[in-house]
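Structural overview
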Amino acid sequence: MTGIISHADEKRLVLVSGRAHPDLARDVAAELDIDLVHTTAYDFANGEIYVRYADSVRGADVFVLQSHTAPINQWIMEQLIMVDALKRASAKTITVVQPFYGYARQDKKHKGREPISARLMADLFKTAGAHRLMSVDLHTSQTQGFFDGPVDHLWAMPLLIDYVRTRVDISNVTVVSPDAGRIRVAEHWASKLGGGPLAFVHKTRDTSRPNQAVANRVVGDVVGRTCVLVDDLIDTGGTIAGAVRVVLEAGAKDVIVAATHGVLSDPAAQRLSESGAREVVVTDTLPIIPEKRFPQLTILSIAPLIARAIREVFDDGSVTSLFDGNA
Ligand SMILES: Nc1ncnc2c1ncn2[C@@H]1O[C@H](COP(=O)(O)O)[C@@H](O)[C@H]1O
Ligand SMILES: O=P(O)(O)OC[C@H]1O[C@H](OP(=O)(O)OP(=O)(O)O)[C@H](O)[C@@H]1O
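One structure accompanies this document, and this report is about it. Every chain's residues receive numbers from 1 upward, in the order its sequence appears when written. The lettering of chains begins at A and the numbering of ligands begins at 1, in the order of writing. Since the coordinates come from a predicted model, pLDDT governs what is reported: local features require at least 70, and pairs of side-chain atoms require 80 or more to be given and counted, while whole-chain, interface and lining totals use all residues. Based on all heavy atoms of the structure, the side-chain values leave hydrogens and waters out of the count.

Considerations on the site of ligand 2
Around ligand 2 lies a shell of 14 residues, among which Arg205, Asp231, Asp232, Thr236 and Thr239 are the nearest. What qualifies as a polar contact is a pair of N or O atoms within 3.5 Å, subject to a donor-acceptor requirement within protein and to the restriction that residues adjacent in sequence count only when both atoms come from side chains. A distance of 3.1 Å separates an oxygen atom of ligand 2 from a polar atom in the side chain of Asp179. With respect to ligand 2, the side chain of Arg205 contributes an N or O atom lying 2.6 Å from an oxygen atom. Values of accessible area rely on a 1.4 Å probe in the Shrake-Rupley scheme; residue burial ignores everything except the protein chains shown. Protein chains shield 84% of the accessible area of ligand 2, which is 500 Å² for the free molecule. Those elements giving two or more residues to the shell around ligand 2 turn out to be strand S10 (198-205), strand S12 (226-234) and helix H6 (238-249). When residue character is reported, Ala, Val, Leu, Ile, Met, Phe, Trp, Tyr, Cys and Pro are called nonpolar, Asp, Glu, Lys and Arg charged, and the others, Gly included, polar. Residue composition of the shell around ligand 2, grouped by class: two nonpolar, five polar and seven charged. Near is defined per residue: the residue qualifies when any heavy atom it owns lies within 4 Å of the molecule or strand. Only DSSP runs of H or I reaching four residues or more are called helices, and only runs of E reaching two or more are called strands; each is numbered from the N terminus.

A closer look at helix H4 (residues 157-165)
The set of residues buried in H4 consists of Met157, Pro158, Leu160, Ile161 and Val164. Along the axis of H4, the buried residues cluster in a sector spanning 160 degrees; they form a single face. Partly exposed describes any residue whose relative accessible area lies between the buried limit of under 20% and the exposed limit of over 50%, with all areas from a 1.4 Å probe on protein chains only and scaled to the type maximum. This arc describes the spread of directions from the helix axis toward the C-beta atoms.

Focus on unusual backbone geometry
Omega for the bond connecting Ala70 with Pro71 falls within 30 degrees of zero, at -5 degrees, which places this linkage in the cis form. Among the structural elements, Pro71 can be located in the loop between strand S5 (61-65) and helix H2 (72-88). Between Asp266 and the following residue, Pro267, the backbone shows a cis peptide bond with an omega angle of 5 degrees. Looking at where Pro267 falls in the secondary structure, it is placed in the loop between strand S13 (254-262) and helix H7 (268-273). We note that Asp33 has phi near 60 degrees; this positive angle belongs to a residue other than glycine. On the secondary structure map, Asp33 appears in the loop between helix H1 (22-32) and strand S3 (39-43). For Asp33, a relative accessible area of 51% gives the class exposed. With a phi close to 50 degrees, Leu264 is a non-glycine residue in the positive phi region. Within the element layout of this structure, Leu264 appears in the loop between S13 and H7. Exposure remark for Leu264: the relative accessible area of 2% places this residue in the buried category.

A few points about the pattern of salt bridges
We count a salt bridge whenever a side-chain nitrogen from Lys or Arg sits within 4 Å of a carboxyl oxygen from Asp or Glu. If you walk through the whole model with that rule in mind, you get 22 salt bridges. The residue Asp179 makes a salt bridge to Lys203 at a minimum N-O spacing of 2.9 Å. One end of the pair, Asp179, is in the loop between strand S9 (173-177) and helix H5 (183-192); the other, Lys203, is in strand S10, and 24 residues separate them in sequence. Neither residue differs from the other here; Asp179 and Lys203 are each classed as buried. Among the salt bridges present, the one from Arg209 reaches Asp206, with a minimum N-O distance of 3.1 Å. In the salt-bridge network here, residues are joined through shared partners; they are Arg19, Asp43 and Glu78.

Focus: the site of ligand 1
Surveying the vicinity of ligand 1 reveals the residues Arg105, Gln106, Asp107, Lys108, His110, His139, Asn211 and Asp235. Within the contact set of ligand 1, an oxygen atom lies 2.6 Å away from a side-chain nitrogen or oxygen of Lys108. If ligand 1 stood free it would expose 500 Å²; the protein chains cover 62% of that surface. Looking at the shell around ligand 1 residue by residue, the class counts come to no nonpolar, four polar and four charged.

Thoughts on the packing of aromatic side chains
Aromatic rings from Phe, Tyr and Trp, taking only the six-membered ring of Trp, are treated as a pair when their centres fall within 6.5 Å; an angle between ring planes under 30 degrees marks them as stacked, one over 60 as edge-to-face, and anything in between as tilted. With the rule as written, the count across this model stands at four aromatic pairs. An angle of 20 degrees between the planes, with centres 4.9 Å apart, marks the rings of Tyr42 and Tyr50 as stacked. Relative accessible area serves as the criterion here: at 36%, Tyr42 is assigned to the partly exposed category. Among the residues examined, Tyr50 registers a relative accessible area of 28% and is labelled partly exposed. When the ring of Trp155 is compared with that of Phe323, the centres are 5.7 Å apart and the planes differ by 45 degrees; the resulting orientation is tilted. Of the two residues, Trp155 is situated in the loop between strand S8 (151-154) and H4 and Phe323 in the segment after helix H8 (303-314); the sequence distance between them amounts to 168 residues. Three or more aromatic residues link up through ring pairs in this structure, and these residues are Tyr42, Phe44 and Tyr50. For the cation-ring pair, Lys11 lies above Phe314, with the distance from its terminal atom to the ring centre recorded as 4.8 Å. Two thresholds decide whether a charge sits over a ring: the Lys NZ or Arg CZ must be within 6 Å of the ring centre and within 35 degrees of the ring normal.

Structure, rendered in structure tokens:
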């Protein structure tokens, strides 16, 4: 195995990773059957970051993997610096692979004098030298339009659905959206999970205080049913724990939660473990440290999907084809 795959036409695929989620980088490299190109990365005494690649990347198609986990600003900055180093080392193309797109929730101004940080992120990566972005389950699809270049928007839904299908009797499933913003996604889930009914939770947020979600009530047929609650991400767990509570109070038989990104900021692990959900299923787009794991948590590997998408991009194939039948 080498860090570089040589083709007759001299194309070279290089995978490099920041320090945020080494397990995911290792798994993606293994799926691609390549070695990561070693990257030296460390912090100077004042917190500034240094990176250098051990091998030449000249003329290569380079994929820069970084998970936007806490401390998120440090890891985003590291990825930006990695892109800059690749640009200056004459990489042919640079694809930023950010399985979870940091700042994606700041995609519009809700009030005057707010930033649109999701757009700023795209601009920063473009300025650093990125040609292309790859991400999984963006908070809103429109974020694709922020980056001036190709964006590969991967869906974890087929992976999650394949798993959830093994855990439920699909003739008795109601798919539940934990808020109004995710009803379209929940519709998609329902059609793929046996075409059962759909419900949604009326959620409100106190916008004067961060991370405060209130689940008011559930609308839809949940009595006696296995409810599958679907969301893009679980951060502090307030949205999901509240939704599980109102769904169970409304008479659901049991609840399985499926979300792509397990951000799991405190006190999510405690909230979820005490929520009454039978199972909470996430992917490993973000690392989940042992202290944040709880008995009902299942973590699915996103590495095969990312590796297949990288392969398609490198081969000038079709990323969309990975989702044929799920569009
Ligand atoms: N990082 C964040 N954590 C929690 N809440 C956030 C974060 N970034 C933005 N927000 C707030 O989330 C909602 C987003 O609402 P959408 O309807 O999805 O646009 C908004 O209140 C943000 O201020
Ligand atoms: O675990 P939590 O801390 O509760 O945060 C997670 C929730 O926050 C986001 O929704 P958001 O309320 O930002 O927007 P939306 O209702 O428009 O999806 C996200 O889609 C989750 O539903």
